[in-house]
Amino acid sequence: MKYESLAQTIVDNVGGRDNILSLTHCITRLRFKLKDESKANTDFLKSHDDIVTVMKSGGQYQVVIGNHVPEVYEAVSHVANIQDEESESQQQASSGSVLSRFIDLVSGIFQPLLGVLAAAGMIKGFSALFLALGWVTEKSGTYQVLFAIGDALFYFFPIFLGLTAAKKFHANPFLGMAIGASLVYPTLVSAMELGAKGATTLFSGSIFEVQSSLTFAGLPIISMTYTQSVIPIIFAVFFAAKLEKKLKVIIPDVIKTFFVPFFTLLIIVPVTFLVIGPVSSWLANWIGSGALAIYSLSPVLAGILLGAFWQIFVIFGLHWGLVAIMINNVSTTGFDIINPLIFAASFAQTGIVFGIFLKTKNKKLKSISLPAAISGIFGVTEPAIYGITLPRKKMFIYSCIVAGIFGGLIGFAGTKLYFMGGLGIFGYTTFIGKAGLDSSVWIAVLATALALIVGLIVGYIVHSDKNEQEQEVSDSKDSKTKDVTSPINGETELQHIVKDDFVKAPLSGDMIKLEQVNDPVFSSLAMGKGIAIKPTSNTIIAPFDATVESLFPTGHAIGLKSKHGTELLIHIGIDTVKLDGQGFKALVNQGDTVVAGQPLIEFDSQIIQKQNFDDTVMIVVTNSNITKDVIIESKAHFNKQDDLFAIIY
């Protein structure tokens, strides 16, 4: 398998298979849900040549790979033996803030459909373009076949969402599809068309006036069209998942296989037509109307703000909330006004990277900037953001400014998106409505072209290889760690160094270089710079005045933060988390404020060694990457509160 080695590295450094709750992927990222993110070796993953970066957002641990993420996803799934169906522990893993859970829910439902959604949209867009150019007519077979290929997914969208929503809510996927199919069943769709023969009016004269042309068990069904709809099927499957779970408890095992889906469908489908569908449809319409009302206040200002901040939303995974609104807008109003406003962002980003590519003489930068720019042309900007512009902060800021300016221009033009389609240059056709190639389409094309050109000019002018070389030299000097050995007048040299923070020994014992410990995470310095001690005492004391930032439930590790900002991890033993707290006694709580010398943890080396674990204690500055220097005292043996190392900021 091509990416098996990379996949194994990723699995090992996200904490192993047992730490993975679930795994999905989008266009460029592996999206993990981990039991404990602190077990992930983030710094190591970020430094890997085949990984662009690592992000933590929306309750997900995101490893940014690039355009070949589907192949890496398959390899990781194979290496970690991750199945499509989530385990019981995954089902119970819903945690985090309301926003995090919402982002996770939305991305989990829509992500699996992105590829085919874009493909169908592109085909539908090209058929609209051919029609606008007069190359085909609406009655021609070519147009009808192309339109059917492109429109089928959108028309039967509830079936596809029924599948992905069922997986997300841990229900039988085929139940979700069956519910979705019921909503778009042709006979029912025709019967519930507005103005259908024999329809009656409900709540006449009120704001709730609706039509009903069907009844179920004597109850009127409100006439609504669910083809291309989004929210009703999601709500329906949510309630179906709840009902299915309860039925599995009630119904005997011998008849469970067919009676659980039997009662689920028999109850949920009618309830959806009677209650869930109408209520959720009204909610969807209100969301669409609300977005349109905000847009109508100032399309230009909306374009500037959304254009400028879109890439920031993408970085933190917050764009999924807006993507859901875009899809909902198309299904409820027939068009969306958000997507066009952010359309220039990818072109601005791409232009900046093209400018850097043309200007730089750095072979490595040149080699990564061209593929990132080409990827950006097709709307995939993560390689450009994480690999090129974000590390050069000014470049990222300039790309946001350019995106905002031309987002405002698109807002002024009133460009609308009529169906979800391709990204980048393949997205233009989604702006073609019944009016054909009108001015709003051409202004959008002009705005994105200008965003690309202006971005290129800015990138070319602002980028400087000289500044980058100076920064690299500075970083290289700052990253060197000094060992100080010579005493001065009975004192260590550390005490004569101008410093920002100072760490005392938290226990007594013999010194071991961190690079020599039998743990690759610590010995590779991936966790940060520091030292190890073979203990001769059994109490960890505070090495400085600090706040207890983290305290592992097992008591084998504690994270401290000093008033100067130093983040220190004291980890007792190797793999001692497997002792599940045996031999450890925490004397403080997470969130406590402690003073230098205060006892923090008691541990029993004999119990640790009897269980065949190494009791070496690692003391690591986990944010040493932002320090100028970590100056380590070189001694064969330390006593409690001896000088350990100085930290320069």
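What counts as what
- Residues numbered from 1 in each chain as written.
- Predicted model: local features only at pLDDT ≥ 70, side-chain atom pairs only at ≥ 80, totals over all residues.
- Heavy atoms only, no water.
- UniProt positions renumbered as here; feature names shortened; annotations may be inferred.
- Axes fitted to C-alpha atoms, helices over the stretch in contact; angles between N-to-C directions.
- Helix = DSSP H or I, 4+ residues; strand = E, 2+ residues; numbered from the N terminus.
- Parallel < 35°, antiparallel > 145°, perpendicular 65-115°, else oblique.
- Contact = heavy atoms within 4.5 Å.
- Nonpolar A, V, L, I, M, F, W, Y, C, P; charged D, E, K, R; others polar.
- Expected span 1.5 Å × (residues − 1).
- Bend = angle between axes of the 7 residues up to and from the residue.
- Buried < 20%, exposed > 50% of the residue type's maximum accessible area, 1.4 Å probe, protein only.
- Phe/Tyr/Trp six-rings, centres within 6.5 Å; stacked < 30°, edge-to-face > 60°.
- Lys NZ or Arg CZ within 6 Å of the ring centre and 35° of its normal.
- Core = buried A, V, L, I, M, F, W, Y, C linked by side-chain atoms within 4.5 Å.
- Pairing = 2+ DSSP bridges.
- 1 Å grid on protein atoms, 1.4 Å probe; cavity = no way out; pocket = protein on both sides within 12 Å on 5 of 7 lines; lining within 4 Å.
- Points joined across faces, edges and corners; volume = space filled by probe spheres on them.

- In the nomenclature of an unreviewed UniProt entry, the protein chain is known as PTS beta-glucoside transporter subunit EIIBCA of Staphylococcus gallinarum.
- We quote the UniProt Subcellular location (unreviewed entry) comment for the protein chain here in full: "Cell membrane".

**Quick look at the packing of helix α7 (residues 141–155) against helix α8 (residues 157–168)**
Phase 1: Their axes nearest at 5 Å, the elements α7 and α8 cross at an angle of 55 degrees. Comparing their axes, α8 and α7 come out oblique. Contacts from L153, F154 and Y155 of α7 reach α8 at F157, P158 and F160.
Phase 2: Here the contact of α7 with α8 is built from residues that sort into six nonpolar, no polar and no charged.

**Observations concerning helix α13 (residues 299–315)**
Phase 1: The terminal C-alpha atoms of α13, which comprises 17 residues, lie 24 Å apart, in line with the 24 Å expected from a rise of 1.5 Å per residue.
Phase 2: Where α13 bends most, at F309, the angle is about 40 degrees.
Phase 3: Residues of α13 that are buried: A302, G303, L306, G307, A308, W310, Q311, V314 and I315.

**Structural notes on the packing of aromatic side chains**
Phase 1: A complete count under the given rule lists 16 aromatic pairs for this structure.
Phase 2: Aromatic side chains F378 and F426 sit 5.7 Å apart centroid to centroid with 25 degrees between the ring planes, which places their arrangement in the stacked category. Of the two residues, F378 is situated in the loop between α16 (363–377) and α17 (382–389) and F426 in the loop between α18 (393–413) and α19 (439–462); the sequence distance between them amounts to 48 residues.
Phase 3: Members of the aromatic cluster, joined through ring pairs, are F258, F259, F262 and F263.
Phase 4: Here K359 stacks its cationic end above the ring of Y460, 5.3 Å away from the centre of that ring.
Phase 5: Of note, K366 hangs over the ring of F357, and the distance from its end group to the ring centre comes to 4.6 Å.

**Observations concerning the nonpolar core**
Phase 1: Among the nonpolar cores identified, the biggest contains 72 residues, and F110, F157, L161, V230, W310, I327 and M420 are the most heavily contacted of them.
Phase 2: Not counting residues up to four positions away in its chain, the partners in contact with V230 are F110, F157, L161, I327, N328 and S331.

**Here's the deal with the sheet that holds strand β5 (residues 200–202)**
Phase 1: A sheet is described by the order of its strands in space; here three strands give the open sequence β5-β6-β7, paired in antiparallel fashion. Edge strands, defined here as strands with exactly one partner in the open sheet, are β5 and β7 (219–222). Averaged over neighbouring strand pairs, the angle between their axes works out to 60 degrees when direction is ignored.
Phase 2: The pairing of strand β6 (residues 210–216) with β7 spans four bridges and is classified as antiparallel. Bridge assignment links T215 to a residue of β7, and that residue is P220.

**Details of empty space enclosed by the protein**
Phase 1: In the structure shown here, the tally under the stated rule is two cavities of 30 Å³ or more.
Phase 2: Looking at the largest cavity, its volume works out to about 80 Å³.
Phase 3: Along its surface, the largest cavity is lined by K124, F154, F157, Q228, I327, V330, S331, Y418, F419 and M420.
Phase 4: When grouped by side-chain class, the residues that make up the lining of the largest cavity number seven nonpolar, two polar and one charged.

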